[in-house]
Amino acid sequence: MAQLINIGFGNMVNSDKVISIISPESAPIKRMIAQSKEDRTLVDATQGRKTKSVIFTTNDKLILSALQPETLAGRFHNPGGIQEVKE
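Computed from a prediction, not measured in an experiment: that's the story for all the values here.

Here we come to helix 1 (residues 27–39). In a regular helix each residue adds 1.5 Å, so 13 residues correspond to 18 Å; helix 1 covers 18 Å between its end C-alpha atoms and thus fits that length. Every buried residue of helix 1 is listed here: Ile29, Ile33 and Ser36. Buried residues in helix 1, looked at end-on, bunch into an arc of 65 degrees, giving them a common side. Set apart from the buried face of helix 1 by more than 90 degrees, the exposed residues are Arg31 and Glu38. Looking at the buried residues of helix 1, the elements they touch are strand 3 (18–22), strand 4 (42–44), strand 5 (53–57) and strand 6 (62–65).

Right, let's talk about the sheet that holds strand 6 for a bit. In any sheet, the strands associate via hydrogen bonds between backbone groups, in a parallel or an antiparallel arrangement. Taken in spatial order, the four strands make up an open sheet running 3-5-6-4, and their pairing is mixed. Every interior strand has two partners, whereas the edge strands, strand 3 and strand 4, have only one. Here the average twist between neighbouring strands, direction ignored, is 20 degrees.

Here we come to the nonpolar core. Soluble globular proteins tend to pack their nonpolar side chains together in the buried interior. Membership of the largest hydrophobic core is limited to eight residues, which are Ile7, Val13, Val18, Ala45, Ile55, Ile63, Leu67 and Leu72. If near-sequence neighbours (up to four positions away) are discounted, Ile63 is found in contact with Ile7, Val13, Val43, Ala45, Ser53, Val54, Ile55 and Thr57.

A separate point is the pairing of strand 1 (residues 2–8). Alignment of strand 1 against strand 2 (residues 11–14), held across four bridges, turns out to be antiparallel. Within strand 2, the position partnered with Leu4 by the bridge is Asn14. Here strand 1 folds back onto strand 2 in antiparallel fashion, the turn holding two residues, of which Phe9 has a positive phi close to 60 degrees.

Walk down a regular strand and you will see the side chains alternate between the two sheet faces. Within strand 5, five of the five residues are buried, which leaves it mostly tucked inside the rest of the structure. Burial of strand 5 is two-sided: the residues Ser53, Ile55 and Thr57 facing one way and the residues Val54 and Phe56 facing the other way are all buried. Where strand 3 meets strand 5, four bridges bridge the pair, whose relative direction is antiparallel. Across the sheet, Ile21 pairs through a bridge with Ile55, a residue of strand 5. Relative to strand 6, strand 5 runs antiparallel, the two being bridged by four bridges. Paired with Ser53 across the strands is Ser65, a residue of strand 6. Between strand 5 and strand 6, which pair antiparallel one after the other, the connecting turn spans four residues, and Asp60 there sits at a positive phi close to 60 degrees.

Rules used throughout
- Residues numbered from 1 in each chain as written.
- Predicted model: local features only at pLDDT ≥ 70, side-chain atom pairs only at ≥ 80, totals over all residues.
- Heavy atoms only, no water.
- Helix = DSSP H or I, 4+ residues; strand = E, 2+ residues; numbered from the N terminus.
- Expected span 1.5 Å × (residues − 1).
- Buried < 20%, exposed > 50% of the residue type's maximum accessible area, 1.4 Å probe, protein only.
- Arc of directions from axis to C-beta.
- Contact = heavy atoms within 4.5 Å.
- Pairing = 2+ DSSP bridges.
- Axes fitted to C-alpha atoms, helices over the stretch in contact; angles between N-to-C directions.
- Core = buried A, V, L, I, M, F, W, Y, C linked by side-chain atoms within 4.5 Å.

Now the structure itself:
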């Protein structure tokens, strides 16, 4: 059964597809974000706010979130932040 994690502003991500959640501050990550924009594999879920975390997925997509990586990681371990979806 798939589990969806709230990444902010009502946006959800399938927890089975997440590889890592990192901070966007380093230059290599900024380059990866720029390249992902060019390749059209970027999902911006910040709702116009500052990007505070970048989520890498198994299908080579980058997802930007306005929540801290620590907050998102906590939602993986807290059942309150997860919604189960029947397939």
